[in-house]
Amino acid sequence: MMVRVSNLWSAVVVVGVLSGVDGHSVSASGSGGLGLPPVLLQNAAASGVYMPQVGLGTGSYANNKPSDPACWSCPNVTYNAVLSWLKVGGRRIDTALCYQTEDQIGRAIKDSGVPRSEIFITSKVTSCNGSAQGYNETLIQQAQNLQLLQTTYVDLLLIHWPGPPSKDATKDPACQAPDADGRWGSCRRATWRAMLKLLADGTNGGSRAVGVSNFERDHLMDLMPVAGAKGMPSVNQMEVHPWWHDDALIPMHRSFGIVGNGYAPFAAPDFIGSKWNVSITADATLTKIATETGTSNWQVSLRWQLQKGWLVNPRSATASHQIDDLAVATASYTPLTEEQMSRIDAIHALPRVAPVRKVCPDPTQRK
(Lines give C-alpha, C1' and ligand atoms only; values in the text may rest on other atoms or scores of the structure.)
Protein backbone atom coordinates (compact mmCIF):
# COMPACT_ATOMS: atom_id res chain seq x y z
CA MET A 1 0.00 0.00 0.00
CA MET A 2 1.43 3.37 -1.07
CA VAL A 3 0.62 6.43 1.03
CA ARG A 4 1.19 10.02 -0.03
CA VAL A 5 2.45 12.06 2.92
CA SER A 6 3.47 15.73 3.04
CA ASN A 7 6.96 16.54 4.30
CA LEU A 8 5.38 19.08 6.64
CA TRP A 9 4.53 16.25 9.01
CA SER A 10 8.15 15.74 9.92
CA ALA A 11 8.60 19.35 11.06
CA VAL A 12 8.33 18.55 14.77
CA VAL A 13 7.64 15.63 17.07
CA VAL A 14 4.99 16.25 19.70
CA VAL A 15 5.02 14.68 23.15
CA GLY A 16 2.50 16.19 25.55
CA VAL A 17 2.89 19.97 25.26
CA LEU A 18 5.20 21.88 22.98
CA SER A 19 6.79 24.86 24.69
CA GLY A 20 7.52 27.91 22.59
CA VAL A 21 8.96 31.33 23.26
CA ASP A 22 7.31 34.13 25.26
CA GLY A 23 5.47 31.61 27.43
CA HIS A 24 3.46 30.20 24.53
CA SER A 25 2.58 26.53 24.23
CA VAL A 26 0.55 24.33 21.91
CA SER A 27 -1.23 21.34 23.43
CA ALA A 28 -1.39 17.99 21.69
CA SER A 29 -5.16 18.34 21.41
CA GLY A 30 -4.63 21.71 19.81
CA SER A 31 -2.59 20.07 17.09
CA GLY A 32 -5.50 17.79 16.30
CA GLY A 33 -3.86 14.95 18.23
CA LEU A 34 -0.50 13.22 18.26
CA GLY A 35 -0.78 11.98 14.67
CA LEU A 36 -0.03 15.24 12.84
CA PRO A 37 1.93 17.64 15.03
CA PRO A 38 1.80 21.43 14.79
CA VAL A 39 3.98 22.89 12.05
CA LEU A 40 6.95 25.10 12.91
CA LEU A 41 6.59 28.36 10.97
CA GLN A 42 9.62 29.68 9.11
CA ASN A 43 10.56 32.90 7.30
CA ALA A 44 8.60 35.89 8.68
CA ALA A 45 7.94 34.38 12.10
CA ALA A 46 9.31 34.66 15.60
CA SER A 47 11.32 31.76 16.98
CA GLY A 48 9.31 28.74 18.07
CA VAL A 49 5.89 29.55 16.55
CA TYR A 50 3.96 26.32 15.95
CA MET A 51 0.72 26.29 13.93
CA PRO A 52 -1.82 23.52 14.60
CA GLN A 53 -2.79 21.64 11.44
CA VAL A 54 -6.55 21.82 12.03
CA GLY A 55 -8.22 25.15 12.76
CA LEU A 56 -11.74 26.54 12.99
CA GLY A 57 -12.83 28.71 10.07
CA THR A 58 -15.27 31.53 10.86
CA GLY A 59 -16.05 33.20 7.51
CA SER A 60 -19.67 33.61 6.37
CA TYR A 61 -18.97 33.90 2.63
CA ALA A 62 -22.25 35.18 1.12
CA ASN A 63 -24.51 34.24 4.03
CA ASN A 64 -25.17 37.13 6.37
CA LYS A 65 -28.89 36.83 7.09
CA PRO A 66 -30.00 35.98 10.65
CA SER A 67 -32.32 33.31 9.26
CA ASP A 68 -29.40 31.47 7.67
CA PRO A 69 -27.68 28.90 9.96
CA ALA A 70 -24.41 29.58 8.12
CA CYS A 71 -24.45 33.26 9.11
CA TRP A 72 -21.32 33.23 11.27
CA SER A 73 -21.40 37.01 11.70
CA CYS A 74 -24.92 36.86 13.17
CA PRO A 75 -25.28 37.20 16.97
CA ASN A 76 -23.67 34.40 18.98
CA VAL A 77 -23.17 31.98 16.05
CA THR A 78 -19.38 32.29 16.09
CA TYR A 79 -19.33 32.80 19.86
CA ASN A 80 -20.99 29.43 20.48
CA ALA A 81 -18.87 27.67 17.84
CA VAL A 82 -15.61 28.98 19.35
CA LEU A 83 -16.66 28.01 22.88
CA SER A 84 -17.44 24.50 21.62
CA TRP A 85 -14.18 24.32 19.62
CA LEU A 86 -12.07 25.20 22.63
CA LYS A 87 -14.02 22.79 24.84
CA VAL A 88 -13.42 19.79 22.53
CA GLY A 89 -9.70 20.57 22.29
CA GLY A 90 -9.35 22.76 19.21
CA ARG A 91 -6.80 25.53 19.63
CA ARG A 92 -6.47 27.31 16.27
CA ILE A 93 -9.07 29.88 15.17
CA ASP A 94 -9.10 31.61 11.78
CA THR A 95 -10.81 34.96 11.29
CA ALA A 96 -10.47 38.28 9.45
CA LEU A 97 -11.46 41.87 10.01
CA CYS A 98 -14.00 41.68 7.19
CA TYR A 99 -15.65 38.51 8.53
CA GLN A 100 -17.27 40.56 11.29
CA THR A 101 -16.72 37.69 13.72
CA GLU A 102 -13.75 38.98 15.74
CA ASP A 103 -15.83 40.50 18.52
CA GLN A 104 -17.57 37.16 19.11
CA ILE A 105 -14.25 35.32 19.08
CA GLY A 106 -12.76 37.73 21.62
CA ARG A 107 -15.70 37.23 23.99
CA ALA A 108 -15.65 33.45 23.57
CA ILE A 109 -11.94 33.18 24.32
CA LYS A 110 -12.37 35.33 27.40
CA ASP A 111 -15.34 33.26 28.63
CA SER A 112 -13.75 29.89 27.81
CA GLY A 113 -11.18 29.99 30.58
CA VAL A 114 -8.51 28.69 28.18
CA PRO A 115 -5.30 30.73 28.57
CA ARG A 116 -4.61 33.03 25.64
CA SER A 117 -1.10 31.56 25.33
CA GLU A 118 -2.60 28.17 24.41
CA ILE A 119 -4.71 29.56 21.55
CA PHE A 120 -3.47 30.25 18.01
CA ILE A 121 -5.37 33.14 16.39
CA THR A 122 -5.06 33.95 12.70
CA SER A 123 -6.51 37.21 11.41
CA LYS A 124 -6.22 39.22 8.21
CA VAL A 125 -5.95 42.79 6.96
CA THR A 126 -7.47 44.36 3.82
CA SER A 127 -11.14 43.87 3.02
CA CYS A 128 -12.66 40.69 1.69
CA ASN A 129 -12.41 41.98 -1.89
CA GLY A 130 -8.89 43.29 -1.39
CA SER A 131 -9.78 46.97 -1.61
CA ALA A 132 -7.69 48.59 1.15
CA GLN A 133 -3.91 48.20 1.18
CA GLY A 134 -0.91 50.28 2.08
CA TYR A 135 1.49 50.82 4.98
CA ASN A 136 -0.55 52.98 7.37
CA GLU A 137 -3.84 51.29 6.48
CA THR A 138 -2.36 47.93 7.46
CA LEU A 139 -1.28 49.24 10.87
CA ILE A 140 -4.70 50.80 11.46
CA GLN A 141 -6.53 47.60 10.56
CA GLN A 142 -4.34 45.54 12.88
CA ALA A 143 -5.24 47.87 15.75
CA GLN A 144 -8.91 47.25 14.91
CA ASN A 145 -8.31 43.48 14.89
CA LEU A 146 -6.79 43.55 18.36
CA GLN A 147 -9.50 45.73 19.82
CA LEU A 148 -12.25 43.41 18.60
CA LEU A 149 -10.38 40.25 19.63
CA GLN A 150 -9.58 41.69 23.09
CA THR A 151 -5.92 40.73 22.80
CA THR A 152 -2.57 42.46 22.46
CA TYR A 153 -1.40 40.33 19.53
CA VAL A 154 -2.37 37.67 17.03
CA ASP A 155 -0.31 34.57 16.31
CA LEU A 156 -0.54 34.92 12.53
CA LEU A 157 -1.54 37.97 10.49
CA LEU A 158 -2.21 37.64 6.76
CA ILE A 159 -2.69 40.05 3.87
CA HIS A 160 -6.15 38.87 2.84
CA TRP A 161 -5.89 39.51 -0.93
CA PRO A 162 -3.11 40.61 -3.29
CA GLY A 163 -5.23 43.51 -4.57
CA PRO A 164 -5.77 45.57 -6.59
CA PRO A 165 -6.45 48.27 -4.02
CA SER A 166 -9.17 50.88 -4.16
CA LYS A 167 -7.75 54.40 -4.41
CA ASP A 168 -10.68 55.59 -2.30
CA ALA A 169 -9.72 53.21 0.53
CA THR A 170 -6.01 53.98 0.86
CA LYS A 171 -3.87 57.11 0.88
CA ASP A 172 -0.59 55.28 0.41
CA PRO A 173 1.17 56.76 -2.65
CA ALA A 174 2.35 53.26 -3.62
CA CYS A 175 -1.27 52.17 -3.94
CA GLN A 176 -2.67 55.03 -6.03
CA ALA A 177 -1.76 53.60 -9.43
CA PRO A 178 -0.29 50.39 -10.83
CA ASP A 179 3.38 50.10 -11.73
CA ALA A 180 4.62 50.59 -15.29
CA ASP A 181 4.03 46.88 -15.98
CA GLY A 182 0.37 47.24 -15.02
CA ARG A 183 0.82 45.28 -11.79
CA TRP A 184 0.41 46.42 -8.18
CA GLY A 185 3.78 45.17 -6.93
CA SER A 186 4.75 48.47 -5.26
CA CYS A 187 1.50 48.50 -3.29
CA ARG A 188 2.04 44.90 -2.17
CA ARG A 189 5.58 45.75 -1.04
CA ALA A 190 4.34 48.79 0.93
CA THR A 191 1.80 46.56 2.66
CA TRP A 192 4.44 43.89 3.34
CA ARG A 193 6.73 46.47 4.97
CA ALA A 194 3.92 47.18 7.43
CA MET A 195 3.49 43.45 8.04
CA LEU A 196 7.20 43.10 8.85
CA LYS A 197 6.86 46.05 11.23
CA LEU A 198 3.99 44.25 12.99
CA LEU A 199 6.14 41.11 13.15
CA ALA A 200 8.82 43.16 14.91
CA ASP A 201 6.16 44.46 17.32
CA GLY A 202 5.36 40.86 18.22
CA THR A 203 3.09 40.44 21.24
CA ASN A 204 3.07 44.19 21.80
CA GLY A 205 0.38 45.12 19.30
CA GLY A 206 1.68 43.01 16.42
CA SER A 207 1.84 39.38 15.39
CA ARG A 208 4.10 36.41 16.12
CA ALA A 209 4.13 35.51 12.41
CA VAL A 210 2.98 37.16 9.20
CA GLY A 211 1.92 35.79 5.85
CA VAL A 212 -0.44 36.19 2.93
CA SER A 213 -3.66 34.79 1.53
CA ASN A 214 -4.74 34.20 -2.08
CA PHE A 215 -1.24 35.00 -3.37
CA GLU A 216 -0.17 33.30 -6.58
CA ARG A 217 3.45 32.87 -7.65
CA ASP A 218 3.80 36.33 -9.21
CA HIS A 219 2.28 37.98 -6.14
CA LEU A 220 4.74 36.19 -3.89
CA MET A 221 7.69 37.18 -6.07
CA ASP A 222 6.59 40.82 -5.86
CA LEU A 223 7.57 40.72 -2.17
CA MET A 224 11.15 39.57 -2.73
CA PRO A 225 12.78 43.05 -2.98
CA VAL A 226 11.47 43.82 0.52
CA ALA A 227 11.43 40.37 2.05
CA GLY A 228 14.63 38.76 0.85
CA ALA A 229 14.97 35.04 1.38
CA LYS A 230 14.30 35.13 5.14
CA GLY A 231 11.47 37.66 5.13
CA MET A 232 9.11 35.80 2.82
CA PRO A 233 5.65 34.94 4.14
CA SER A 234 5.47 32.17 6.70
CA VAL A 235 2.05 31.06 5.43
CA ASN A 236 0.01 31.37 2.23
CA GLN A 237 -3.69 30.66 2.70
CA MET A 238 -5.51 29.50 -0.43
CA GLU A 239 -8.87 28.02 -1.35
CA VAL A 240 -8.51 24.23 -1.44
CA HIS A 241 -11.18 21.57 -1.88
CA PRO A 242 -11.82 18.66 -4.27
CA TRP A 243 -13.29 20.98 -6.92
CA TRP A 244 -10.49 23.57 -6.74
CA HIS A 245 -6.84 23.07 -5.84
CA ASP A 246 -3.83 24.89 -7.24
CA ASP A 247 -1.21 22.14 -6.98
CA ALA A 248 1.32 24.23 -8.92
CA LEU A 249 1.88 26.34 -5.80
CA ILE A 250 3.01 23.42 -3.65
CA PRO A 251 6.59 23.14 -5.04
CA MET A 252 7.10 26.91 -4.66
CA HIS A 253 5.83 26.81 -1.09
CA ARG A 254 8.29 24.04 -0.28
CA SER A 255 11.23 25.78 -1.95
CA PHE A 256 10.65 28.95 0.09
CA GLY A 257 9.61 27.22 3.32
CA ILE A 258 6.07 28.63 3.11
CA VAL A 259 3.32 26.68 4.89
CA GLY A 260 0.18 26.19 2.79
CA ASN A 261 -3.11 26.68 4.62
CA GLY A 262 -6.31 25.77 2.79
CA TYR A 263 -9.66 27.45 3.37
CA ALA A 264 -13.17 26.34 2.35
CA PRO A 265 -12.15 22.64 2.65
CA PHE A 266 -15.77 21.54 2.12
CA ALA A 267 -16.28 23.97 -0.81
CA ALA A 268 -18.61 26.11 1.34
CA PRO A 269 -21.64 23.84 0.83
CA ASP A 270 -24.04 26.63 1.80
CA PHE A 271 -22.63 28.75 -1.04
CA ILE A 272 -21.00 26.76 -3.84
CA GLY A 273 -23.65 24.04 -3.89
CA SER A 274 -26.37 26.47 -4.85
CA LYS A 275 -24.23 27.76 -7.73
CA TRP A 276 -22.73 24.62 -9.28
CA ASN A 277 -24.69 21.71 -7.87
CA VAL A 278 -21.76 20.11 -6.09
CA SER A 279 -21.84 18.51 -2.68
CA ILE A 280 -19.32 16.89 -0.35
CA THR A 281 -21.97 14.47 0.89
CA ALA A 282 -23.31 13.56 -2.57
CA ASP A 283 -20.03 13.16 -4.45
CA ALA A 284 -19.66 9.53 -5.58
CA THR A 285 -15.86 9.43 -5.30
CA LEU A 286 -15.77 10.81 -1.76
CA THR A 287 -18.64 8.54 -0.71
CA LYS A 288 -16.86 5.42 -2.00
CA ILE A 289 -13.59 6.32 -0.26
CA ALA A 290 -15.47 7.12 2.95
CA THR A 291 -16.98 3.63 2.79
CA GLU A 292 -13.55 2.09 2.16
CA THR A 293 -12.03 3.92 5.15
CA GLY A 294 -14.99 3.75 7.53
CA THR A 295 -15.08 7.55 7.82
CA SER A 296 -17.23 10.38 6.44
CA ASN A 297 -17.04 12.33 3.19
CA TRP A 298 -16.10 15.41 5.22
CA GLN A 299 -13.20 13.61 6.87
CA VAL A 300 -11.98 12.20 3.56
CA SER A 301 -11.83 15.73 2.12
CA LEU A 302 -9.87 17.04 5.11
CA ARG A 303 -7.42 14.14 5.17
CA TRP A 304 -6.79 14.47 1.43
CA GLN A 305 -5.87 18.12 1.93
CA LEU A 306 -3.61 17.41 4.91
CA GLN A 307 -1.75 14.71 3.00
CA LYS A 308 -1.23 17.10 0.09
CA GLY A 309 0.48 19.47 2.51
CA TRP A 310 -2.31 21.96 3.25
CA LEU A 311 -3.33 22.82 6.80
CA VAL A 312 -7.13 23.04 7.03
CA ASN A 313 -9.78 25.44 8.37
CA PRO A 314 -13.08 23.49 8.54
CA ARG A 315 -16.05 25.73 9.35
CA SER A 316 -17.96 23.46 11.74
CA ALA A 317 -20.32 24.85 14.37
CA THR A 318 -21.32 21.77 16.38
CA ALA A 319 -19.21 19.78 18.83
CA SER A 320 -19.78 16.46 17.05
CA HIS A 321 -18.55 17.84 13.72
CA GLN A 322 -15.61 19.58 15.38
CA ILE A 323 -14.54 16.34 17.05
CA ASP A 324 -14.70 14.61 13.65
CA ASP A 325 -12.58 17.39 12.14
CA LEU A 326 -9.89 17.04 14.79
CA ALA A 327 -9.93 13.24 14.45
CA VAL A 328 -8.47 13.31 10.92
CA ALA A 329 -5.14 14.51 12.33
CA THR A 330 -4.85 11.88 15.05
CA ALA A 331 -2.65 8.80 15.02
CA SER A 332 -5.69 6.50 14.91
CA TYR A 333 -6.81 7.84 11.52
CA THR A 334 -5.48 5.64 8.71
CA PRO A 335 -3.86 7.71 5.93
CA LEU A 336 -5.39 7.64 2.47
CA THR A 337 -3.54 5.51 -0.08
CA GLU A 338 -1.86 6.94 -3.15
CA GLU A 339 -4.64 5.48 -5.28
CA GLN A 340 -7.36 7.09 -3.14
CA MET A 341 -5.53 10.44 -3.23
CA SER A 342 -5.34 10.29 -7.02
CA ARG A 343 -9.06 9.57 -7.31
CA ILE A 344 -9.84 12.68 -5.30
CA ASP A 345 -7.35 14.72 -7.35
CA ALA A 346 -9.27 13.68 -10.46
CA ILE A 347 -12.58 15.14 -9.23
CA HIS A 348 -11.43 18.39 -10.75
CA ALA A 349 -7.89 17.89 -11.97
CA LEU A 350 -7.87 21.07 -14.07
CA PRO A 351 -9.59 23.62 -11.85
CA ARG A 352 -9.43 26.52 -14.31
CA VAL A 353 -11.18 24.63 -17.09
CA ALA A 354 -14.90 25.43 -17.22
CA PRO A 355 -16.97 25.02 -15.22
CA VAL A 356 -14.83 26.73 -12.59
CA ARG A 357 -16.33 25.59 -9.32
CA LYS A 358 -14.71 28.04 -6.95
CA VAL A 359 -16.06 29.85 -3.88
CA CYS A 360 -13.92 33.02 -4.00
CA PRO A 361 -12.55 35.02 -6.96
CA ASP A 362 -9.64 33.54 -8.91
CA PRO A 363 -6.46 35.28 -7.64
CA THR A 364 -4.68 34.64 -10.93
CA GLN A 365 -6.85 37.43 -12.33
CA ARG A 366 -5.37 39.93 -9.82
CA LYS A 367 -2.49 41.87 -11.42
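### Thoughts on the pairing of strand β9 (residues 210-213)
The two faces of the sheet receive side chains in turn, since in a regular strand these alternate between them. Going residue by residue along β9, you find Val-210 and Val-212 tucked away on one face and Gly-211 and Ser-213 tucked away on the opposite face as well. In the sheet, strand β8 (residues 156-159) pairs with β9 via 3 bridges, with the strands oriented parallel. From the neighbouring strand, Leu-158 faces β9, where its bridge partner is Gly-211. As defined by bridge partners, β9 adjoins strand β10 (residues 235-239) across 2 bridges and the pair is classed as parallel.

### Overview of the nonpolar core
Within the largest apolar cluster, 62 residues are counted, with the highest numbers of intra-cluster contacts made by Leu-86, Ile-93, Trp-192, Leu-220, Val-300 and Ile-344. In contact with Ile-93, not counting residues within four places along its chain, are Leu-56, Thr-58, Val-82, Trp-85, Leu-86, Ile-105, Ile-109, Ile-119, Phe-120, Ile-121 and Thr-122. Counting 12 residues, the second-largest nonpolar core is a separate cluster that includes Ala-45, Phe-120, Val-235 and Val-259.

### A few points about the packing of aromatic side chains
Going through the model one piece at a time under the given rule, you end up with 1 aromatic pair. Ring geometry for Phe-266 versus Trp-298: centroids 4.9 Å apart, planes at 90°, classification edge-to-face. Highlighted residues: Phe-266 in the loop between β11 (259-263) and α8 (268-276) and Trp-298 in helix α10 (residues 297-308), separated in sequence by 32 residues. Under the relative-accessibility criterion, Phe-266 is labelled buried at 7%. Looking at Arg-116, its charged tip hangs above the ring of Tyr-153, at a distance of 4.1 Å from the centre.

### Concerning the state of the cysteines
Defined simply, a disulfide is a covalent bond joining two cysteines at their sulfur atoms. In this structure the tally under the stated criterion is 2 disulfides. Residue pairing for Cys-71: its cysteine sulfur links by disulfide to Cys-74, the two sulfurs lying 1.9 Å apart. Since a negative S-S torsion denotes a left-handed disulfide, the Cys-71-Cys-74 link at about 80° is right-handed. Considered together, Cys-71 and Cys-74 belong to a single accessibility category, that of buried residues.

### Remarks on the environment of Val-235
Inspection of the secondary structure puts Val-235 in strand β10. Along the sequence, Val-235 and Leu-41 sit 194 residues apart, while their C-alpha atoms lie 7.7 Å from each other. The contacts of Val-235, once residues within four sequence positions are left out, are Leu-41, Met-51, Leu-156, Leu-158, Val-210, Gly-211, Val-212, Ile-258, Val-259 and Asn-261.

### Brief notes about the confidence of the model for the chain
Averaged over all residues, the pLDDT of the chain is 85; the fraction at 70 or higher stands at 81%. A low-confidence stretch, residues 5-22 (pLDDT under 50), is modelled with 44 contacts involving residues beyond four sequence positions or located in other chains. Confidence drops under a pLDDT of 50 for residues 26-34, and excluding neighbours within four residues, the segment shows 31 contacts in the predicted structure.

### Thoughts on the packing of helix α2 (residues 102-112) against helix α3 (residues 135-149)
At a minimum axis separation of 7 Å, α2 and α3 run at an interaxial angle of 45°. Here α2 lies oblique to α3, going by the angle between them. For the pair formed by α2 and α3, the contact residues are Glu-102, Asp-103, Ile-105 and Gly-106 on the first element and Asn-145, Leu-148 and Leu-149 on the second. Grouping the amino acids of the contact of α2 with α3 by side-chain chemistry returns 3 nonpolar, 2 polar and 2 charged.

### Here's the deal with the environment of Met-238
Here Met-238 shows up in strand β10. You can call Met-238 buried: its relative accessible area is 4%. Sequence separation of Met-238 and Pro-363 is 125 residues, and the distance between their C-alpha atoms is 9.3 Å. Sequence-distant contacts of Met-238, that is, excluding residues within four places in its chain, are made with Asn-214, Phe-215, Glu-216, Leu-249, Asn-261, Gly-262, Tyr-263, Trp-310 and Pro-363.

Reading the values: the criteria
- Residues numbered from 1 in each chain as written.
- Predicted model: local features only at pLDDT ≥ 70, side-chain atom pairs only at ≥ 80, totals over all residues.
- Heavy atoms only, no water.
- Buried < 20%, exposed > 50% of the residue type's maximum accessible area, 1.4 Å probe, protein only.
- Helix = DSSP H or I, 4+ residues; strand = E, 2+ residues; numbered from the N terminus.
- Pairing = 2+ DSSP bridges.
- Core = buried A, V, L, I, M, F, W, Y, C linked by side-chain atoms within 4.5 Å.
- Contact = heavy atoms within 4.5 Å.
- Phe/Tyr/Trp six-rings, centres within 6.5 Å; stacked < 30°, edge-to-face > 60°.
- Lys NZ or Arg CZ within 6 Å of the ring centre and 35° of its normal.
- Disulfide = S-S within 2.5 Å.
- pLDDT = per-residue confidence, 0-100.
- Axes fitted to C-alpha atoms, helices over the stretch in contact; angles between N-to-C directions.
- Parallel < 35°, antiparallel > 145°, perpendicular 65-115°, else oblique.
- Nonpolar A, V, L, I, M, F, W, Y, C, P; charged D, E, K, R; others polar.

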